Amino acid sequence: LRLSNGDGISINKKEAAKYYKIAADKGQMNAVYNYAVILYKGDGIASDKKESAKYFKIAADNGNINAIKNYALILLNCGISNIDKSEAAKYLKMAADQNDVISMYNFGMMLLNGDGIEVNQKEAAHYLKMAADQGHINAMHNYATLKLNGDEALIDKDEAAKYMKMAADQGQVN
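Since this is a predicted model, take the numbers as computed values, not measurements.

Section: helix α2 (residues 13–25)
Across its 13 residues, α2 extends 18 Å between first and last C-alpha, which sits within 8% of the 18 Å expected from 1.5 Å per residue. Inspection of α2 places A16, A17, Y20 and A24 among the buried residues, and these make up the whole buried set. One side of α2 carries all its buried residues, which in axial view fall inside an arc of 100°. Positioned one or two residues after α2, G27 has a phi angle of 95°, which is positive.

Observations regarding helix α4 (residues 49–61)
Given a rise of 1.5 Å per residue, 13 residues ought to cover 18 Å, and the 18 Å separating the end C-alpha atoms of α4 matches this to within 8%. Residues S52, A53, Y55, F56, A59 and A60 constitute the buried set of α4. Residue D48 occupies the N-cap position of α4, its side-chain oxygen lying 3.3 Å from the main-chain nitrogen of K50. Once α4 finishes, G63 follows within two positions and takes phi at roughly 90°, a positive value.

Re the confidence of the model for the chain
Looking at the chain, the pLDDT average stands at 91 and 91% of residues meet or exceed 70. Here helix α1 (residues 2–5) stands out as the element of the chain with the lowest mean pLDDT, 54, in contrast to helix α8 (residues 121–133), whose mean of 98 is the highest.

Things to note about the packing of helix α6 (residues 85–96) against helix α7 (residues 101–113)
It is the contact of α6 with α7, at a shortest axis distance of 8 Å, that shows an interaxial angle of 140°. Comparing the axis directions of α6 and α7 gives the class oblique. When you trace α6 past α7, the crossing you get is left-handed. Contacts between α6 and α7 involve K85, A89, L92, K93, A95 and A96 from the former and S103, M104, N106, F107 and M110 from the latter. Within the contact of α6 with α7, the residues separate by chemical class into seven nonpolar, two polar and two charged.

With respect to the pattern of salt bridges
According to the stated counting rule, one finds 10 salt bridges in the structure shown. The shortest N-O distance in the salt bridge between K85 and D115 comes to 2.8 Å. Residue K85 is found in helix α6, and its partner D115 is found in the loop between α7 and α8; the two are separated by 30 residues along the sequence. We classify K85 as partly exposed; its relative accessible area is 35%.

Some points on the side chain of H141
As for its placement among the helices and strands, H141 is situated in helix α9 (residues 137–149). A relative accessible area of 15% means that H141 is categorised as buried. With near-sequence residues (within four places) excluded, H141 lies in contact with M164, A167, Q172 and N174.

Quick look at the nonpolar core
Counting residues in hydrophobic clusters, the biggest one holds 51 residues, and the most contacted among them are Y55, F56, L128 and L146. Dropping the residues within four chain positions of it, L146 is found in contact with L112, Q121, A124, A125, L128 and L154.

Some details on the packing of aromatic side chains
Under the counting rule described, the total for this entry stands at five aromatic pairs. Centroid distance Y71 to Y91: 4.8 Å. Interplanar angle 80°. Geometry classified as edge-to-face. Here Y71 is found in helix α5 (residues 65–77), whereas its partner Y91 is found in helix α6, with 20 residues between them in sequence. No difference in accessibility class separates Y71 from Y91, as the two residues are buried.

Concerning the side chain of S52
Mapped onto the elements of the fold, S52 is located in helix α4. Judged by relative accessible area, S52 falls into the buried class, the value being 0%. Sequence-distant contacts of S52, that is, excluding residues within four places in its chain, are made with A36, L39, Y40 and I74.

Analysis parameters
- Residues numbered from 1 in each chain as written.
- Predicted model: local features only at pLDDT ≥ 70, side-chain atom pairs only at ≥ 80, totals over all residues.
- Heavy atoms only, no water.
- Helix = DSSP H or I, 4+ residues; strand = E, 2+ residues; numbered from the N terminus.
- Expected span 1.5 Å × (residues − 1).
- Buried < 20%, exposed > 50% of the residue type's maximum accessible area, 1.4 Å probe, protein only.
- Arc of directions from axis to C-beta.
- Polar contact = N/O pair within 3.5 Å; in protein donor to acceptor, adjacent residues only side chain to side chain.
- pLDDT = per-residue confidence, 0-100.
- Axes fitted to C-alpha atoms, helices over the stretch in contact; angles between N-to-C directions.
- Parallel < 35°, antiparallel > 145°, perpendicular 65-115°, else oblique.
- Left-handed = near helix turned anticlockwise from the far one by under 90°.
- Contact = heavy atoms within 4.5 Å.
- Nonpolar A, V, L, I, M, F, W, Y, C, P; charged D, E, K, R; others polar.
- Salt bridge = Lys/Arg side-chain N within 4 Å of Asp/Glu carboxyl O.
- Core = buried A, V, L, I, M, F, W, Y, C linked by side-chain atoms within 4.5 Å.
- Phe/Tyr/Trp six-rings, centres within 6.5 Å; stacked < 30°, edge-to-face > 60°.

Here it is, written out as structure tokens:
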């Protein structure tokens, strides 16, 4: 960490990566996560998204909330694997259930659109509302749209208007 941040010594990202890998390979979970970030960003070493995903998964499976979210997002966005999107959904749900707003939104959208998992508007509304209530602008808009145009049991025009206004007040123009 000191090599990475220059805490009292010269910054040496390549050397820091080397020591993070040693500690990660010995099972030190903070090092596993930090090494995954270094691999992803290419900070001092060549970027390697596939190897990064491997280390994020290890940290995720050991409960690191940031690793859970990052592993899911890598699976969805980096095209490193032909893995089923249901794997990404599983990890997004884990992070969302631990109060990660970005994961709430992304998991809600996967449920809404049936992106790799079965469409479930009721559950999508639940996750989108949680993200909206924590200030996620796109979640506000999508939750409102769902309350306006979703399954009949979900329609609530007053609720839709409330969340559309919240989104508009935050700068959402769609």
